[in-house]
Amino acid sequence: MTDTAPPARRELRFPSRTGTCHAWLYLPDADAHADPPPVLVMAHGLGAVKTLRLAAFAECFQAAGYACLVFDYRHFGDSDGQPRELLSVRRQREDWLAAVACARALPEVNGDRVVLWGTSFGGGHAITTAAADPGVVAAIAQCPFTDGLVSARQISPRALARLVAAAAKDQLGRLFGGAPTRVKVAARTGQVGLMDAADVVDGVTGLLEASGLTEAEYRNDVPARVAMEIPFYAPGRRIPEVRCPILFCVCDDDTVAPAAATLRHAARARRGQVVRYPAGHFDIYAGPHFEKVIADQLAFLRAHVPATPPEPRNPGPVALDR
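Residues numbered from 1 in each chain as written. Predicted model: local features only at pLDDT ≥ 70, side-chain atom pairs only at ≥ 80, totals over all residues. Heavy atoms only, no water.

1. A word on the overall build of the protein
Logical step 1: Helix and strand counts for the protein stand at 8 helices and 12 strands.
Logical step 2: C-alpha atoms of the protein, sized along the principal axes, occupy 85 × 40 × 35 Å.
Logical step 3: Evaluated residue by residue, the protein yields a buried proportion of 55% over its 322 residues.
Logical step 4: Mean positive and mean negative side-chain charge positions of the protein (35 and 34 charges, respectively) differ by 8 Å. (Helix = DSSP H or I, 4+ residues; strand = E, 2+ residues; numbered from the N terminus. Buried < 20%, exposed > 50% of the residue type's maximum accessible area, 1.4 Å probe, protein only. Lys, Arg positive; Asp, Glu negative; His and termini not counted. Charge placed at Lys NZ, Arg CZ, Asp CG, Glu CD.)

2. Thoughts on the nonpolar core
Logical step 1: With 108 residues, the main nonpolar core has Phe61, Leu116 and Leu194 as its most contacted residues.
Logical step 2: Considering each element in turn, this core owes the most residues, 7 residues, to helix 2 (residues 89–105).
Logical step 3: Apart from the residues lying within four places of it in its own chain, the contact partners of phenylalanine 61 are Leu40, Met42, Tyr66, Cys68, Trp117, Ile294, Gln297, Leu298 and Leu301. (Core = buried A, V, L, I, M, F, W, Y, C linked by side-chain atoms within 4.5 Å. Contact = heavy atoms within 4.5 Å.)

3. Topic: the environment of tyrosine 26
Logical step 1: Relative to the helices and strands, tyrosine 26 is located in strand 3 (residues 19–26).
Logical step 2: Each C-alpha atom, one on tyrosine 26 and one on glutamine 62, is 6.4 Å from the other, the two residues being 36 residues apart in sequence.
Logical step 3: Ignoring anything within four residues of it in the chain, the contact list for tyrosine 26 reads Ala8, Arg9, Ala55, Ala58, Glu59, Gln62, Tyr66, Ala67, Cys68 and Val70.
Logical step 4: Of note is the side chain of tyrosine 26, whose polar atom sits 2.9 Å from the side chain of arginine 9. (Polar contact = N/O pair within 3.5 Å; in protein donor to acceptor, adjacent residues only side chain to side chain.)

4. Section: the packing of helix 2 against helix 3 (residues 121–132)
Logical step 1: Relative orientation of the contacting elements helix 2 and helix 3 amounts to 60°, with a least axis distance of 10 Å. The two elements helix 2 and helix 3 cross, and the hand of that crossing is right-handed. In this structure, helix 2 uses Val89, Gln92, Arg93, Trp96, Leu97 and Val100 to contact helix 3, whose residues at the interface are Phe121, Gly122, His125, Ala126, Thr128 and Thr129.
Logical step 2: Residue classes in the contact of helix 2 with helix 3 are distributed as 6 nonpolar, 5 polar and 1 charged. (Axes fitted to C-alpha atoms, helices over the stretch in contact; angles between N-to-C directions. Left-handed = near helix turned anticlockwise from the far one by under 90°. Nonpolar A, V, L, I, M, F, W, Y, C, P; charged D, E, K, R; others polar.)

5. Brief notes about the packing of aromatic side chains
Logical step 1: In total, this model carries 10 aromatic pairs according to the counting rule given.
Logical step 2: Measuring from ring centre to ring centre gives 5.7 Å for phenylalanine 121 and tyrosine 233, while their planes differ by 70°; the resulting arrangement is edge-to-face. A residue pair is termed long-range when its members are at least 10 positions apart, and phenylalanine 121 in helix 3 and tyrosine 233 in the loop between strand 10 (221–223) and strand 11 (246–251) qualify at 112 residues. No difference in accessibility class separates phenylalanine 121 from tyrosine 233, as the two residues are buried.
Logical step 3: Positioned above the aromatic ring of tryptophan 24 is the side chain of lysine 50, whose terminal nitrogen or guanidinium carbon lies 5.0 Å from the ring centre.
Logical step 4: The ring of phenylalanine 290 has arginine 53 sitting right over it, with the charged end atom 4.7 Å from the ring centre. (Phe/Tyr/Trp six-rings, centres within 6.5 Å; stacked < 30°, edge-to-face > 60°. Lys NZ or Arg CZ within 6 Å of the ring centre and 35° of its normal.)

6. Looking at the environment of alanine 23
Logical step 1: As for its position among the elements, alanine 23 is in strand 3.
Logical step 2: When residues no more than four places from it in sequence are discounted, the contact partners of alanine 23 are Arg10, Glu11, Leu12, Phe14, Lys50, Leu69, Val70 and Phe71.

7. Description of the pairing of strand 6 (residues 114–119)
Logical step 1: The element strand 6 is largely enclosed, with a buried count of 6 among its 6 residues.
Logical step 2: Burial of strand 6 is two-sided: the residues Val114, Leu116 and Gly118 facing one way and the residues Val115, Trp117 and Thr119 facing the other way are all buried.
Logical step 3: Bridge count for strand 4 (residues 39–43) against strand 6 is 5 bridges, and the pairing is parallel. Bridge pairing in strand 6 links leucine 40 to valine 115. (Pairing = 2+ DSSP bridges.)

8. Some thoughts on the pattern of salt bridges
Logical step 1: Counted according to the given criterion, the structure contains 17 salt bridges.
Logical step 2: A salt bridge links arginine 17 to glutamate 94; its shortest N-O distance comes to 3.4 Å. Taken together, the residues arginine 17 in the loop between strand 2 (9–16) and strand 3 and glutamate 94 in helix 2 connect sequence positions 77 residues apart.
Logical step 3: According to the relative accessible area criterion, glutamate 94 is buried, its value standing at 15%.
Logical step 4: Residue aspartate 78 is joined to lysine 50 by a salt bridge in which the shortest nitrogen-to-oxygen separation is 3.4 Å. Of this pair, aspartate 78 sits in the loop between strand 5 (67–71) and helix 2 while lysine 50 sits in the loop between strand 4 and helix 1 (54–63), placing them 28 residues apart in sequence.
Logical step 5: By relative accessible area, aspartate 78 is classed as partly exposed at 39%.
Logical step 6: Residues joined in a network through salt bridges with shared partners are Arg17, Arg74, Arg90, Glu94 and Asp95. (Salt bridge = Lys/Arg side-chain N within 4 Å of Asp/Glu carboxyl O.)

9. Comments concerning helix 8 (residues 287–304)
Logical step 1: When the terminal C-alpha atoms of helix 8 are compared, their 26 Å separation across 18 residues agrees well with the 26 Å that a helix rising 1.5 Å per residue should span.
Logical step 2: Within the sequence span of helix 8, burial applies to Phe290, Val293, Ile294, Asp296, Gln297, Leu298, Phe300 and Leu301. (Expected span 1.5 Å × (residues − 1).)

10. With respect to a nonpolar patch on the surface
Logical step 1: Taken together, the side chains of Leu160, Val164 and Met228 make up a nonpolar region of the molecular surface, amounting to roughly 200 Å² of accessible area.
Logical step 2: Structurally, the position occupied by valine 164 is in helix 5 (residues 157–175).
Logical step 3: Judged by its relative accessible area of 38%, valine 164 falls in the partly exposed class. (Patch = residues over 30% accessible without salt bridge, like charges linked within 9 Å, V, L, I, M, F, W, Y side chains within 5 Å. Areas by Shrake-Rupley, 256 points an atom, 1.4 Å probe, with all protein chains shown as cover.)

Structure (C-alpha cells):
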C-alpha cells in the first residue's frame, strides 16, 4: 500500500483482485486516545464516488474518536479499472471485502473493531459484507438498497424497456470489443437511466453543490449492462445472517430504495435498530437531516463500539477460603 499525508487524512491504495482501490484514511487525534481506535469502512452508492459528501460523514466520526477508511470502487473516482464507471455488483462486493482486509492490516487502528458504513447501493453492500464476515463488530446501512426488484419497479415500464434494450446492446458490444453503451445514473424524463424519479436529478445536483463540486466534475453515466444485475440483487435477504448490531437509517419518502421494502427486511435482523426520517433519498446528506442522522449514528456507535473501550472493572480483593 502507498500513501501521502495531508493534515486531516492520508491517501492510500489497496489491492482488490487484479486492480487497486483509492481510499482516504481518517485518524482521530492520537493524543486524545491512548488505544488504537475502531475503524469504519465506508463507501458510496449507485454510480457515486467518495468526493460526494462522504468526507462530511467521516470528519464527524473522526472528531468523535473513530478512524475511517473511505474508498472508491474500482472503475470509479480515483481507483483504477477500465472501462470507467463500470458498475458491477460482484466487483463492488469484492472491493468491500478488500477494504475490510486493508482496514484490519492498518497498524494505527484496532483491526478487531471494524465497522461497516454504506449508503444507498453501498448500504446494500454493507449488509452483504456483514453477513459474509462474522468478524465485523457493527454495521450502519443508510437509506440502503435492499431489494432490486422493488427498486426496478420505481422506473416506468416504458423507461425500463428502453433501459433493458440499452443493457442488451452494451452486453453485445462488450462481447465484440465495442465501446460501452452508456446510460444516465440520474435521468430526467425522456432520458434512459438507472434512476428517473422526479426528485433524483435535483437530489444529485444538491449533493454536488453540498460537496463543492460542479456537474462537470461528476460523470453521471455508466455502462448499461448493470441494468441486467440490479433486479436480481437483494441484500435484504441476507439480513438474517448478520450477527453484529446493525443500524438501518430509513428515509420514509425514498423514491430510490423504497422504505417499505427496507423495513420489511430490517424486521428480520437479529440485532437490528431502525431509525426513520421524514426525508427523501438525497435529503440525508446535508442540512438538518444530515445533523440528525449523524447524531443517531454516533449514538449507535457509542452504544455498541465505543471509541475508547471501557476500563475493565476491578472486582476488588478476593476473599480466600480459610
